[in-house]
Amino acid sequence: ALVGWLRDYNRARPSHERVSFHGFDGQTENTTAPSPRRYLEHARDYLGLDVDVAGLAGDDERWDREEAILDPARSVGATADAERLRVIAVEMLDVLHARAGELVASSSRADWFRARTYLTAGLGLLRYHKEAARSVGQLEATTMELAARDPRQIGRMTRLLAVRGGLMAQNLLDIREIEAGRGATLVGSHNVHLQRNPSTLPVANRAVTWVGAGAIVGALWGERYAFVAASVGRSDILGLGDPAPDTYEGLCQRRVGDWGVVAADLVGEADIRGDADAVWAYNPLEPAVVDGAEAILHIGDAEAIRTKHAAS
């Protein structure tokens, strides 16, 4: 629906009035990350260089299989070929900047930025795979299951999430560089990625804590960065009933009904929701998140909103 709206909105407008859409997350997940090959090849072709990226990268499958992230012994990230790819990528980034004037003149500013995006994405993947190769232990299950069984994996998860957070922050900085002359940028992601304070995920009575993109960008930009926390009251799909009235979600529920935006400083002190402990897809609001937010976007009943949207 969002992509369709963007298409319809932009169709009859000149380029400088169109809404731009960027992805700013990394290409990683806790158990997978793709090969950097096609990203580096895009930059190589744009620069017109003769570099055998595919020969060094090898089959894409050896990068994007789960074992490459979950088992450091089978990771490609610390191999000699991966190190050589890193050197090539850094050298291409130097060339991209050194020849910026000539390249923009022969292609376009948008093409230059696109090549830089592909190149930095490839470098980010190489960083992530190298971090995966540093992990310890023989891994054969999901990251969360591993962390629950083996405390050593808490440190591993923390490092991988920190790399991801740094990549997301750099992507946001790059997007704002591109969009600086076109007004503000609205960003959508999970609270743990955008909140101003360090992010925490509970894993089997332990905590995985890292500095996310919002904490990094918020520190660099100060008041230029505004965080709106997302909140859900009831959701049948997630298995959430109505929140207790003395929780953050409960206080928001009384203020907005179906949905609305509440100034964070109007919410006040409240309890942390307890019925979401078994719902991995939802992290309840807590003091550190609310205290660092300018506002809270609260959806009182997710399915009711979905039904109304579909009907309209």
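Residues numbered from 1 in each chain as written. Predicted model: local features only at pLDDT ≥ 70, side-chain atom pairs only at ≥ 80, totals over all residues. Heavy atoms only, no water.

## Comments concerning the overall build of the chain
Consideration 1: Counting its secondary structure elements, the chain contains 15 helices and 5 strands.
Consideration 2: With the C-alpha coordinates of the chain rotated into their principal frame, the extents come out at 65 × 55 × 40 Å.
Consideration 3: When each of the 312 residues of the chain is scored for burial, the buried share is 44%.
Consideration 4: Within the chain, residue pairs in contact and separated by at least 24 positions form 70% of the contacts whose partners lie at least 6 positions apart.
Consideration 5: Surface exposure of the chain reaches about 16100 Å², of which carbon and sulfur atoms provide 54%.
Consideration 6: Looking at the chain, you have 35 positive and 44 negative side-chain charges, and the mean spots of the two groups are 4 Å apart. (Helix = DSSP H or I, 4+ residues; strand = E, 2+ residues; numbered from the N terminus. Buried < 20%, exposed > 50% of the residue type's maximum accessible area, 1.4 Å probe, protein only. Contact = heavy atoms within 4.5 Å. Areas by Shrake-Rupley, 256 points an atom, 1.4 Å probe, with all protein chains shown as cover. Lys, Arg positive; Asp, Glu negative; His and termini not counted. Charge placed at Lys NZ, Arg CZ, Asp CG, Glu CD.)

## Topic: helix α6 (residues 80-98)
A turn of α-helix holds 3.6 residues, and therefore any two residues three or four places apart point the same way.
Consideration 1: Under the 1.5 Å per step criterion, the end-to-end length of α6 is 27 Å for 19 residues, consistent within 8% with the ideal 27 Å.
Consideration 2: What α6 keeps buried is the set Ala82, Leu85, Arg86, Ile88, Ala89, Met92, Leu93 and Leu96.
Consideration 3: Check the buried side of α6 and you find it contacts α2 (37-47), α3 (53-57), α4 (61-64), α7 (100-106) and α8 (109-133). (Expected span 1.5 Å × (residues − 1).)

## Some remarks on the sheet that holds strand β4 (residues 259-263)
Strands belonging to one sheet form pairs held by backbone hydrogen bonds; the direction of such a pair is parallel or antiparallel.
Consideration 1: Strand order in this open sheet of 3 strands is β3-β5-β4, and the pairing throughout is mixed. Pairing within the sheet leaves two strands with one partner each, and these edge strands are β3 (228-234) and β4. Across this sheet, the average inter-strand angle for adjacent strands is 25°, counted without regard to direction.
Consideration 2: Bridge count between β4 and strand β5 (residues 295-301): 5 bridges; the pairing is antiparallel. Of the residues in β5, the one forming a bridge with Gly260 is His298.
Consideration 3: Most of the contacts of helix α13 (residues 248-256) go to β5, to which it runs at about 80°, and overall it touches β3, β4 and β5. (Pairing = 2+ DSSP bridges. Axes fitted to C-alpha atoms, helices over the stretch in contact; angles between N-to-C directions.)

## Structural notes on the pattern of salt bridges
Consideration 1: As enumerated under the stated definition, the model contains 18 salt bridges in all.
Consideration 2: The partner of Arg114 in a salt bridge is Asp111, with the nearest N and O atoms 2.8 Å apart. With Arg114 and Asp111 both in helix α8, this residue pair falls 3 residues apart, about one helical turn.
Consideration 3: With its nearest N and O atoms 3.7 Å apart, the salt bridge here joins Asp174 to Arg116. Taken as a pair, Asp174 in helix α10 (residues 152-179) and Arg116 in helix α8 lie far apart in primary sequence, 58 residues in all. (Salt bridge = Lys/Arg side-chain N within 4 Å of Asp/Glu carboxyl O.)

## Overview of the packing of aromatic side chains
Consideration 1: In total, this model carries 3 aromatic pairs according to the counting rule given.
Consideration 2: Centroid distance Trp5 to Tyr9: 4.9 Å. Interplanar angle 20°. Geometry classified as stacked. Of this pair, Trp5 and Tyr9 both sit in helix α1 (residues 2-11), 4 residues apart, roughly one helical turn.
Consideration 3: Measuring from ring centre to ring centre gives 5.2 Å for Trp112 and Phe113, while their planes differ by 90°; the resulting arrangement is edge-to-face.
Consideration 4: A residue is classified by how much of its surface remains accessible, and Phe113, at 9% relative accessible area, is buried.
Consideration 5: The positively charged end of Arg13 is found above the aromatic ring belonging to Tyr9, 3.6 Å away from the centroid.
Consideration 6: Directly above the ring of Tyr39 sits Arg38, whose terminal nitrogen or CZ lies 4.6 Å from the centroid. (Phe/Tyr/Trp six-rings, centres within 6.5 Å; stacked < 30°, edge-to-face > 60°. Lys NZ or Arg CZ within 6 Å of the ring centre and 35° of its normal.)

## So, the side chain of Thr28
Consideration 1: Tracing the chain through its elements places Thr28 in the loop between α1 and α2.
Consideration 2: Since its relative accessible area comes to 6%, Thr28 is described here as buried.
Consideration 3: Each residue touching Thr28, except ones within four places of it in the same chain, is listed here: Ala33, Leu125, Tyr128 and Arg164.

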